[in-house]
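Breakdown of the fold
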Amino acid sequence: MKAIRRFTVRPVLPDALRPLSDLARNLRWSWHTETRELFQSVDPEGWRAAGEDPVRLLGTVSAARLDSLAQDRRFLRRLTAAAADLDDYLRGRRWYQEQPGELPSAVGYFSPEFGITAALPQYSGGLGILAGDHLKSASDLGVPLIGVGLLYRHGYFRQSLSRDGWQQERYPVLDPNELPLSLLREQNGTPARVCLALPGGRCLHATIWQARVGRVPLLLLDSDVEENGPGERDVTDRLYGGGSEHRLLQEMLLGIGGVRALRTYSRLTGHPAPEVFHTNEGHAGFLGLERIRELAGEGLEFDAALEAVRAGTVFTTHTPVPAGIDRFDRELIARHLGDDGELPGVDVGKILQLGMETYPGGEPNLFNMAVMGLRLAQRANGVSTLHGAVSREMFAGLWPGFDAAEVPITSVTNGVHAPTWVAPEVFRLGARRIGAGRTEDALTVGGSERWDAAAEIPAAEIWELRRELREQLVTEVRERLRVSWRQRGAGTAELGWIDGVLNPDVLTIGFARRVPSYKRLTLMLRDRDRLMELLLHPTRPVQIVVAGKAHPADDGGKRLVQELVKFADDPRVRHRIVFLPDYGMAMAKKLYPGCDVWLNNPLRPLEACGTSGMKAALNGCLNLSVLDGWWDEWFEPDFGWAIPTADGAATDEDRRDELEANALYDLIEDRVAPRFYDRGPGALPDRWIEMVRRTLTTLGPKVLAGRMVREYVTRLYAPAAAAHRALDPSTARELAQWKARVRAAWPRVAVDHVEALAPDAAAPNGTAELGSTLTLRVRVGLGDLQPDDVEVQAVAGRVDAADAIADAAAFPLKPAAGPGLEGRWTYEGPLALDRTGPFGYTVRILPAHPHLATHAELGLVAGPTEATGEGAGVLLR
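Positions within a chain are numbered from 1, following the residues in the order the chain's sequence is written. Local features are withheld for residues below a pLDDT of 70 in this predicted model, meaning they are given only at 70 or higher, and side-chain atom pairs are given and counted only at 80 or more; totals for whole chains, interfaces and linings count all residues. Note that water and hydrogens are dropped before the side-chain values are worked out from all heavy atoms of the structure.

1. Points about the overall build of the chain
In DSSP terms, a helix is any run of H or I states spanning at least four residues, a strand is any run of E spanning at least two, and both are numbered starting from the N terminus. Counting its secondary structure elements, the chain contains 28 helices and 27 strands. Between the two quantities, the radius of gyration covers C-alpha atoms and the globule rule is 2.2 Å times the number of residues to the power 0.38. Taking 2.2 N^0.38 as the reference for a compact globule, 877 residues should give roughly 29 Å; the C-alpha atoms of the chain span a radius of gyration of 30 Å, in line with that estimate. Expressed along its principal axes, the backbone C-alpha trace of the chain runs to roughly 95 × 75 × 50 Å. Taken over 877 residues, the chain has a buried fraction of 56%. Working rule for contacts: check all heavy atoms of both residues, and any pair within 4.5 Å makes them a contact. Restricting to contacts in the chain with at least 6 residues of sequence separation, those with at least 24 account for 74%. When the accessible surface of the chain is summed, it comes to about 35,400 Å², and 50% of that surface belongs to carbon and sulfur atoms. None of His or the chain ends enter the tally, which takes Lys and Arg as positive and Asp and Glu as negative. For this purpose, a charge sits on NZ of Lys, CZ of Arg, CG of Asp or CD of Glu. Each charge sign in the chain was given a centre, from 102 positive and 116 negative side chains, and these centres are 5 Å apart. Think of it in three bands: residues with accessible area under 20% of the maximum for their type are buried, residues over 50% are exposed, and the middle band is partly exposed, with areas taken using a 1.4 Å probe on protein chains only. What sets the accessible areas is the Shrake-Rupley method with a 1.4 Å probe; for residues, cover comes only from the shown protein chains.

Have a look at this one:
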């Protein structure tokens, strides 16, 4: 029989155990080892059965056990210490509170998914895990962040396999009352709500659940409420599900509803309102439109409100391919954001302009969420140095006339939250060297260039730790493999072979991630005979643990999973290679520490960052990866291997896969495996252990989310807060009017004439001596603009065979005379010839205003034309 209604019966904790409830309700337990160990001691078997979730655990502990614990003085001492430690963590001054200057009073951080813990399954992959790590590190640093997302009643799917290895999905229903969440309530006790207007007079209602991520509140909007019709109730049904309109409603609820939820939270709790809004990918981009609507309600015109909103907005792009961006039909947007839908009174034509692909190669009838995100944010970034460069190329059409290098998209390389991903055994090894407090600070705040203490750890201790972690992984793999095969229909009598799967003394390679085609799950299968030789080598065998989910609608990805599973099912190799279904945070926390090598072989440059290798590195695992994402930035031969790429334009995809697979096999066979099995005088692989040390010493401090969040604060949040404060309504109006005036006048802005007054060292044949200086004199037409509206620059640097300037440096020129009879201005300035070889310069005019973040912000530039004369781009060879 099935129940017609479900509800949760909570235990009544004895007074002495009441602090357990507070500890369970704050998700700091998910990364705080002492708190996790305290809950485990409540009921070790129940802890494992509850999926290491304290809320579920406390719902199952017997009253007799609770009464016993309430009399256990040793347990109560531990409980008191844990509660006091949490209180100090929540109230004490941290890194952020010690920083000079005016930092934001609060930052709103919007993301479609958050991977905080397996006990709150609201994530699908790297974007969500990154968002979760961002919140946790903000908490550790004391950054006043407020997270905003959606509460998906089915979360992301759970993965299993059919007998023939085909991915199967199921969506378990999540009851918020059984999750570490609480409803945000009005002062009269009723649930706080937000409401969005839909076409036809309908409304989309949502309640606001809150999770406590250490010091950081996370607000999750839930449309599964009785006031909604069936269609509206399902808006937050599952992550990345449904058709175009379903996705649009999710993103409207996240962006527009999210801002309203923030306002409600601040009103009810007294939390400072955010000065900075951070959009984690384009899904939450509508938050800017809601903020424009708010300002319009206060009497600010659209263009002025846009400037005020842009000043305090940060946009992070995570995709290196246009296909990864959400795009909607313009008519769908107009219907939902017009006067019959949400944002009435806001000009829908201007809304559409923000997202239209009005650049060469763009689709004129599609509304692009990333394009809108960039136009609504004064500051934008990619998530690794290489991804920043890829993003500048990809979005260069929004800033016509500028080289891609000058497109105003910077980069902040992702990091990972070390206390979440570092195995307790690794933490304890560090604590034995430098103490628990210093180890915790090193993993959370970071700030040091090197972890030199790791260099002092004896080789035997490192090797013993690595074997212990590998042994734990072997146990975990066998347990999960047994569960998987039973789900596939196998009987217990068929599964004796699983006891011999993997060996704690064999070189272990890990590969786990989502399964889009560019990540190339099956590249390792390119030459199956050769892979089999590596797995079964008589003296230097290799074993591989693979995991990953294909999107439910991606049959191509599912075929890749099936291909890998069928190979791993082969009785000849199934003890050496395994595929583990249902990859998630719980599995990952065992997988990263237990592997010796972390493999990553995407198609370069399609991996924006790729943080799984960072998590592995923090546990002493070495990386074997294509030079993409973060590995392109920080790879050194001292602590890993780079897989050569064949990414030239002339190489077709099939040939490229063949070349790169062969390079992978060669590396494993000739360099990786020999180094692992090469034993020194003490029967230890000394050179391997030294690479582990180098990984921890040099790479460890770089890959921290603490480093990442500190960069966001100093490079993006603080400047955005300052810009937000500077743009009061009158200043925003002035800036909007100035931009309109500059755009109208720009067609008449021109460089008319350039001449170089060469010193004696510059001969007439176009050569000059290093260290000499040219004096440039430039005549420009500014139309209706004044010199205060522009900056005239000389741009100089080395030139290639086509006279394109590389590594350009810009030098402002100063007004020397004007306006003349024809309204022309003369500018002058020195140009130092500071580089040898082919050298060139040109001159350009850019808009200039104190409230612009960059000269490229308006996408306007005027340079020499052919009629200007040869002097406009003199080359010195």
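2. Some points on the sheet that holds strand E17 (residues 577-580)
If DSSP finds at least two bridges between two strands, the strands pair. In spatial order, the strands read E17-E16-E15-E18-E19-E20; together these six strands make up an open sheet with parallel pairing. The sheet is open, and its two edges are formed by E17 and strand E20 (640-643), each paired on a single side. Strand-to-strand, the axes of this sheet are offset by a mean angle of 20 degrees, without reference to chain direction. Across four bridges, strand E18 (residues 597-600) lies against strand E19 (residues 622-626) in parallel orientation. In the sheet register, asparagine 600 faces E19, and the bridge partner there is serine 625. Running over the sheet, helix H21 (residues 555-568) touches strand E16 (542-547) and E17 and is turned about 135 degrees from E17. Here the axes come from fitting lines to C-alpha atoms, over the contacting stretch only for helices, and the angles between their N-to-C directions go from 0 to 180 degrees. The sheet strands contacting helix H25 (residues 653-677) are strand E15 (507-512), E16, E18, E19 and E20, and the helix crosses E20 at an angle near 165 degrees.

3. Thoughts on the pattern of salt bridges
Should a side-chain nitrogen of Lys or Arg be within 4 Å of a carboxyl oxygen of Asp or Glu, the pair is scored as a salt bridge. Applying the stated rule across the entire model yields 63 salt bridges. Across the pair arginine 327 and glutamate 357 runs a salt bridge, and its minimum N-O distance is 2.8 Å. With arginine 327 in strand E11 (residues 327-329) and glutamate 357 in the loop between helix H13 (348-355) and strand E12 (366-368), this residue pair connects regions lying 30 residues apart in the sequence. Judged by relative accessible area, which is 34%, arginine 327 ranks as partly exposed. With a relative accessible area of 5%, glutamate 357 lands in the buried category. Salt-bridge contacts for aspartate 596 lead to arginine 470; the nearest nitrogen and oxygen are separated by 3.0 Å. Here aspartate 596, found in the loop between helix H22 (585-594) and E18, pairs with arginine 470, found in helix H19 (residues 459-487); they are 126 residues apart in sequence, far enough to count as distant. Taken individually, aspartate 596 and arginine 470 each receive the classification buried, so the pair is uniform in this respect.

4. Quick word on the confidence of the model for the chain
Low pLDDT means the predicted atomic positions in that stretch should not be read closely. Confidence along the chain averages 92 in pLDDT terms, with 97% of residues attaining 70 or more. Per residue, pLDDT measures the predictor's confidence, with a range of 0 to 100. Counted against residues more than four places away or in other chains, residues 760-764, with its pLDDT under 50, gives seven contacts. Below pLDDT 50 for its whole length, residues 870-877 participates in 29 contacts with residues either more than four positions away or in separate chains.

5. Points about unusual backbone geometry
Residues arginine 604 and proline 605 are joined by a peptide bond in cis, for which omega reads 5 degrees. Within the element layout of this structure, proline 605 appears in the loop between E18 and helix H23 (612-617). Backbone geometry places arginine 520, a non-glycine residue, at a positive phi of 55 degrees. Mapping arginine 520 onto the fold places it in the loop between E15 and helix H20 (528-535).

6. Side note on the side chain of glutamate 607
You can see glutamate 607 is positioned in the loop between E18 and H23. Leave out the neighbours within four places in its chain, and glutamate 607 touches Pro320, Tyr518, Lys519, Asn600, Pro602, Asp628 and Gly629.

7. Concerning the side chain of serine 612
Among the secondary structure elements, serine 612 is positioned in helix H23. Exposure remark for serine 612: the relative accessible area of 11% places this residue in the buried category. We call two N or O atoms a polar contact when they sit within 3.5 Å, provided that within protein one can donate a hydrogen and the other can accept it, with sequence-adjacent residues counted only if both atoms are side-chain atoms. Of the polar contacts made by the side chain of serine 612, one reaches the side chain of arginine 513; its length is 3.0 Å. Discounting chain neighbours no more than four positions away, the residues touching serine 612 are Ala512, Arg513, Tyr592 and Trp598.

8. Regarding the packing of H20 against H25
Remark: H20 packs on H25, axes separated minimally by 11 Å, with the N-to-C direction vectors making an angle of 15 degrees. Here H25 runs roughly parallel to H20, going by the angle between their axes. In this structure, H20 crosses over H25, and the sense of that crossing is left-handed. Residue-level inspection shows Arg530, Leu531 and Leu534 of H20 in contact with H25, the latter providing Asn662, Tyr665, Asp666, Ile668 and Glu669. Taken together, the residues of the contact of H20 with H25 break down into four nonpolar, one polar and three charged. Angles below 35 degrees are treated as roughly parallel, those above 145 as roughly antiparallel, those between 65 and 115 as roughly perpendicular, and all remaining angles as oblique. Definitions for this section: a left-handed crossing has its near helix turned counterclockwise from the far helix by less than a right angle. A right-handed crossing has that turn clockwise. Side-chain classes are defined by residue name, with Ala, Val, Leu, Ile, Met, Phe, Trp, Tyr, Cys and Pro counting as nonpolar, Asp, Glu, Lys and Arg as charged, and the others, Gly among them, as polar.

9. Describing the pairing of strand E9 (residues 276-280)
Counting buried residues along E9, five of its five residues qualify, which places the element largely inside the surrounding structure. A two-sided burial pattern is seen for E9, the buried positions comprising Val276, His278 and Asn280 on one face and Phe277 and Thr279 on the other. Judged from the four bridges that link them, strand E1 (residues 107-110) and E9 form a sheet pairing that is parallel. Residue pairing in the sheet places valine 107 in a bridge with valine 276 of E9.

10. What to know about helix H15 (residues 385-394)
Residues of H15 that are buried include every one of Leu386, His387, Gly388, Val390, Ser391 and Arg392, and no others. Buried-residue contacts for H15 involve strand E13 (379-382), strand E14 (410-411) and helix H24 (629-634).

11. Regarding the packing of aromatic side chains
Stacked, edge-to-face and tilted are the three classes for Phe, Tyr and Trp ring pairs, Trp counted by its six-membered ring, which pair at centre distances within 6.5 Å; planes under 30 degrees apart are stacked, over 60 edge-to-face, the rest tilted. Here the structure, examined in full by the defined rule, presents 19 aromatic pairs. Both rings, one in phenylalanine 286 and one in phenylalanine 367, keep their centres 6.3 Å apart while their planes meet at 20 degrees; by these two values the pair is stacked. Of this pair, phenylalanine 286 sits in the loop between E9 and helix H10 (287-297) while phenylalanine 367 sits in strand E12, placing them 81 residues apart in sequence. Look at phenylalanine 676 and tyrosine 677: their rings are 4.9 Å apart centre to centre, the planes differ by 80 degrees, and that puts the pair in the edge-to-face class. An identical accessibility class is assigned to phenylalanine 676 and tyrosine 677; each is buried. An aromatic cluster is defined as three or more aromatic residues linked by ring pairs; in this entry it consists of Trp463, Trp641, Phe676, Tyr677 and Trp688. Whether a charge sits over a ring comes down to the Lys NZ or Arg CZ being within 6 Å of the ring centre and within 35 degrees of the ring normal. Arginine 470 extends its terminal NZ or CZ atom over the ring of tryptophan 463, reaching a point 5.2 Å from the ring centre. The cationic tip of arginine 513 hangs over the ring face of phenylalanine 511; the distance from NZ or CZ to the ring centre is 4.5 Å.

12. Looking at helix H7 (residues 126-141)
Helix span, expected: 1.5 Å multiplied by one less than the number of residues in the helix. The end-to-end C-alpha distance of H7, which contains 16 residues, comes to 22 Å, matching closely the 22 Å that a straight helix rising 1.5 Å per residue would cover. Most of H7 sits out of view: 15 of its 16 residues are buried.

13. Here we look at empty space enclosed by the protein
Here a cavity denotes grid points, spaced 1 Å and computed from the protein atoms alone, that fit a 1.4 Å probe unable to get out, and a pocket denotes an open set having protein on both sides within 12 Å along at least 5 of 7 lines; residues with an atom within 4 Å of a point are the lining. Grid points are joined across faces, edges and corners, and a volume is the space filled by probe spheres set on the points. Using the criterion set out here, one finds nine cavities of 30 Å³ or more in the structure. Computed from the structure, the largest cavity encloses a volume of approximately 90 Å³. Around the largest cavity sit 13 residues that line it, and Leu481, Trp485, Ala568, Asp569 and Phe579 are the ones nearest its centre. Residue composition of the lining of the largest cavity, by class: nine nonpolar, one polar and three charged.

14. Examining the environment of proline 176
As for its placement among the helices and strands, proline 176 is situated in the loop between strand E4 (167-170) and strand E5 (182-183). Proline 176 sits in the buried class, given a relative accessible area of 2%. When the C-alpha atoms of proline 176 and alanine 832 are compared, they prove to be 66 Å apart, with 656 residues separating the residues in sequence. Filtering out sequence-adjacent residues up to four positions away, proline 176 remains in contact with Leu151, Arg153, Leu181, Trp209 and Asp222.

15. Things to note about the packing of helix H17 (residues 424-434) against H19
Contact geometry of H17 with H19 gives a least axis separation of 10 Å together with a crossing angle of 160 degrees. Taken as axis vectors, H17 and H19 run roughly antiparallel relative to one another. In this structure, H17 crosses over H19, and the sense of that crossing is right-handed. Where H17 approaches H19, its residues Glu425, Val426, Leu429, Arg432 and Arg433 are matched on the opposing element by Glu461, Leu465, Glu468, Leu469 and Gln472. Looking at the contact of H17 with H19 residue by residue, the classes come out as four nonpolar, one polar and five charged.

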